[in-house]
Amino acid sequence: QIHQHNASTLSFEELYRNAYNLVLHKYGELLYNGVHGVVAEHLQEVAMSCAECPDDRLLEELKRQWDDHKTTMVMIRDILMYMDR
């Protein structure tokens, strides 16, 4: 949902609590692998989008995708903060 810009429909507290509970009950690796898979899949889509972009718009597209990536990674980081412990 975060990658599709639907974060406003998500409850930060609920996501944070679910991540905390998964880590607390020793499912941190499952959570990590799931997030890793979703991010990797999204980045493949971004790479294809950039590859298909016309040369005259490539830098704009790269900048847009990079800014979007930074924003989504901050959101994901904030939710998964407990995995660091």
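Residues numbered from 1 in each chain as written. Predicted model: local features only at pLDDT ≥ 70, side-chain atom pairs only at ≥ 80, totals over all residues. Heavy atoms only, no water.

Grouped together as the largest cluster of nonpolar side chains are 6 residues: Ala19, Leu31, Val39, Ile76, Ile79 and Leu80. Taken together, the elements giving at least two residues each to this core come down to helix 2 (28-52) and helix 3 (58-79). (Core = buried A, V, L, I, M, F, W, Y, C linked by side-chain atoms within 4.5 Å. Buried < 20%, exposed > 50% of the residue type's maximum accessible area, 1.4 Å probe, protein only. Helix = DSSP H or I, 4+ residues; strand = E, 2+ residues; numbered from the N terminus.)

Throughout the structure, instances matching the rule amount to 1 aromatic pair. With centroids separated by 5.9 Å and ring planes inclined at 20 degrees, the aromatic side chains of Phe12 and Tyr16 adopt a geometry described as stacked. Here Tyr16 and Phe12 lie together in helix 1 (residues 12-24), a separation of 4 residues that amounts to about one turn. The exposure class assigned to Tyr16 is partly exposed, which follows from its relative accessible area of 23%. (Phe/Tyr/Trp six-rings, centres within 6.5 Å; stacked < 30°, edge-to-face > 60°.)

Next up on the list: the confidence of the model for the protein. Of the residues in the protein, 85% reach a pLDDT of 70 or more, and the chain-wide mean stands at 88. For the protein, per-element mean pLDDT is lowest for helix 1, which scores 88, and highest for helix 2, which scores 94. (pLDDT = per-residue confidence, 0-100.)

Running from N to C, helix 2 and helix 3 point in directions that differ by 170 degrees, and their axes come no closer than 10 Å. The orientation of helix 2 relative to helix 3 falls into the category roughly antiparallel. On helix 3, the residues that touch Val35, Val39, His42, Leu43, Val46, Ser49 and Cys50 of helix 2 are Leu58, Glu61, Leu62, Gln65, Asp68, His69, Met73 and Ile76. Taken together, the residues of the contact of helix 2 with helix 3 break down into 9 nonpolar, 4 polar and 2 charged. (Axes fitted to C-alpha atoms, helices over the stretch in contact; angles between N-to-C directions. Parallel < 35°, antiparallel > 145°, perpendicular 65-115°, else oblique. Contact = heavy atoms within 4.5 Å. Nonpolar A, V, L, I, M, F, W, Y, C, P; charged D, E, K, R; others polar.)

Summed over the entire model, instances satisfying the criterion amount to 0 disulfides. Cys50 takes part in no disulfide bond, and the closest cysteine sulfur, belonging to Cys53, lies 6.8 Å away. (Disulfide = S-S within 2.5 Å.)

Within the structure shown, the criterion is met by 4 salt bridges. A salt bridge links Asp67 to Lys63, with the shortest nitrogen-to-oxygen separation between them at 2.6 Å. Here Lys63 and Asp67 lie together in helix 3, a separation of 4 residues that amounts to about one turn. Judged by its relative accessible area of 26%, Asp67 is partly exposed. With its nearest N and O atoms 3.7 Å apart, the salt bridge here joins Lys70 to Asp67. Note that Lys70 and Asp67 are positioned in helix 3 at a spacing of 3 residues, about one turn of the helix. Given a relative accessible area of 40%, Lys70 falls into the partly exposed group. Among the charged side chains, a network of salt bridges with common partners joins Lys63, Asp67 and Lys70. (Salt bridge = Lys/Arg side-chain N within 4 Å of Asp/Glu carboxyl O.)

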